[in-house]
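# Residue-level structure breakdown
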Amino acid sequence: MATAAADTRCRCATLGVSAEAAAILLAFAMRESETPAVELGSALERLGQGLRPASAPAGEALTRDLAACVRALQFHDRLMQQLAVIRNLLTRLADHPLPQMAGFGAQRWEELLAALRERLAAGSHDELFELLVRTGGVGAACGAGAGQAEGSSELF
Amino acid sequence: MARILAVDDSPSMRQLVKLALSSGGHEVDVATDGVEALQVAEKQQFDIVITDVNMPNMDGISLVRELRRRTNYRFTPLLMLTTESTAERKQQGKEAGATGWLVKPFDPDRLLSIVTKVLA
């Protein structure tokens, strides 16, 4: 009995350390990719300034390419947002004392999930989290659902 | 040509919005969150404010609410540009006084046409 409890404590501690390490690695990776993305944005801005006014056919083609770059680079920003949410969840998991408490079961799991849900700011993050919790992975359904509203606009 | 304030906590998003709007001949200033945006907006008048929703210090919906309290921004178009697309959040934006809700990723031409439309 005592050996089993010690084994559970050990596994919980390992889980906490792994979650913390994963959060730190994510934070480093995100920071590392931020500067190149900003440099790319600055380069595009300079290109855009050089193109004005885009009257020549070559200028028009470059303007179209520039617009494509603007659209594409936004997915980096989205990735960073999703990674920030995952980093926060991992940090929360590492900090959360629930798994180390005696009698960790379905009720405690629900409490942990509720605590994690509180940290989700955007609706899309919430949807992503629910999918992960239910299925253990993100399938095509998530992409299809998220894609419907992308790029939409509504004037009130 | 309009004078536009773009508010986003992401440096790359600020650059992209500025790039897209500058290509249409607009003059674009940027702010990193709602608090900085309010400070900038108090120093100079903008024709449009385009803001993200989720930002540190002050979110976009609170920023819109604050701007609407100021007489010089009562009728200024205030657009939300965000990854959020739930009806609940849109309703919050509408109630705060937002003029429109745009979901990222934005298309530069579409953004320019919306800006032209709300300025008309």
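What follows deals with the overall build of chain B. What chain B contains, in helices and strands, is 5 helices and 5 strands. Going residue by residue from the N terminus, the α and β elements of chain B occur as β-α-β-α-β-α-β-α-β-α. For 120 residues, the compact-globule formula gives about 14 Å, and the C-alpha radius of gyration of chain B, at 13 Å, lands near that figure. In terms of overall dimensions, chain B has C-alpha extents of about 30 × 30 × 30 Å along its principal axes.

Here the focus is the pairing of strand β5 (residues 100–103) of chain B. The alternating pattern of β5(B) places B:G100 and B:L102 and B:W101 and B:V103 on opposite faces, both of which are buried. Sheet topology places strand β1 (residues 153–155) of chain A next to β5(B); 3 bridges connect them, and they run antiparallel. Along β5(B), the bridge assignment pairs A:S153 with B:L102. Of the pairings in the sheet, the one linking strand β4 (residues 78–82) of chain B to β5(B) comprises 4 bridges and is parallel in character.

This paragraph deals with unusual backbone geometry. Residues and elements named next belong to chain B. K104 connects to P105 through a cis peptide bond whose omega is 0°. Along the chain, P105 turns up in the loop between β5 and α5 (108–119). Notably, N57 is not glycine yet its phi reads approximately 70°, a positive angle. By secondary structure assignment, the location of N57 is in the loop between β3 (48–51) and α3 (60–69).

As a further point, take the interface of chain A and chain B. Across the contact, 29 residues belong to chain A and 34 residues belong to chain B. At the level of secondary structure, the elements contributing two or more residues to the side of chain A that touches chain B comprise α1 (2–51), α2 (57–95), α4 (123–135) and β1 of chain A. The dominant element in the side of chain A that touches chain B, judged by the number of residues it contributes, is α2(A), at 10 residues. Here the residues of the side of chain A that touches chain B sort into 12 nonpolar, 11 polar and 6 charged.

The next point concerns helix α2 (residues 34–43) of chain B. Residues and elements named next belong to chain B. Within the sequence span of α2, burial applies to G34, A37 and A41. Buried positions in α2, seen along its axis, are confined to an arc of 55° and lie on one side of it. Seen from the open side of α2, the exposed residues pointing more than 90 degrees away from its buried face are Q39, E42 and K43. In this structure, the buried side of α2 is in contact with β1 (3–7), β2 (27–31), β3 and α3.

Of all hydrophobic cores here, the largest spans 38 residues; its most connected members are B:L5, B:V49 and B:I50. In terms of residue count, helix α1 (residues 11–22) of chain B provides more of this core than any other element does, 6 residues in total. Contacts of B:V49, omitting those with residues within four sequence positions, involve B:L5, B:V7, B:A41, B:L67, B:T76 and B:L78. The next biggest cluster of nonpolar side chains, apart from the first, holds 5 residues, and it includes A:V85, A:L89, A:L90 and A:L93.

What the 6 strands build is an open sheet, ordered β1(A)-β5(B)-β4(B)-β3(B)-β1(B)-β2(B); its pairing is mixed. Where the open sheet ends on each side, the last strands, each with one partner, are β1 of chain A together with β2 of chain B. The average angle at which neighbouring strand axes cross in this sheet is 20°, direction not considered. Where β3(B) lies against β4(B), 3 bridges are found, and the strand directions are parallel. When the bridges of β4(B) are listed, B:V49 appears paired with B:L78. Of the strands in this sheet, β1, β2 and β3 of chain B touch α2(B), which is tilted by about 160° from β1(B).

Moving on, we come to the packing of α3(B) against helix α4 (residues 87–96) of chain B. Between two packed helices, what matters for the description is the angle formed by their axes and the separation of those axes. Residues and elements named next belong to chain B. Put simply, α3 and α4 touch, their axes get as near as 8 Å, and they point 15° apart. Overall, the two elements α3 and α4 adopt an arrangement that is roughly parallel. Our pair here, α3 against α4, has a crossing hand that is left-handed. For the pair α3 and α4, the contacting residues are I61, V64 and R65 in the first and Q92, G93 and A96 in the second. Across the contact of α3 with α4, the residue classes break down as 3 nonpolar, 2 polar and 1 charged.

What counts, and where the lines are drawn
Residues numbered from 1 in each chain as written. Chains lettered and ligands numbered in written order. Predicted model: local features only at pLDDT ≥ 70, side-chain atom pairs only at ≥ 80, totals over all residues. Helix = DSSP H or I, 4+ residues; strand = E, 2+ residues; numbered from the N terminus. Rg over C-alpha atoms; globule rule 2.2 N^0.38 Å. Buried ≥ 20, exposed ≤ 12 C-beta atoms within 10 Å, placed from the backbone. Pairing = 2+ DSSP bridges. Contact = placed C-beta atoms within 7 Å. Nonpolar A, V, L, I, M, F, W, Y, C, P; charged D, E, K, R; others polar. Arc of directions from axis to C-beta. Core = buried A, V, L, I, M, F, W, Y, C linked by C-beta atoms within 7 Å. Axes fitted to C-alpha atoms, helices over the stretch in contact; angles between N-to-C directions. Parallel < 35°, antiparallel > 145°, perpendicular 65-115°, else oblique. Left-handed = near helix turned anticlockwise from the far one by under 90°.

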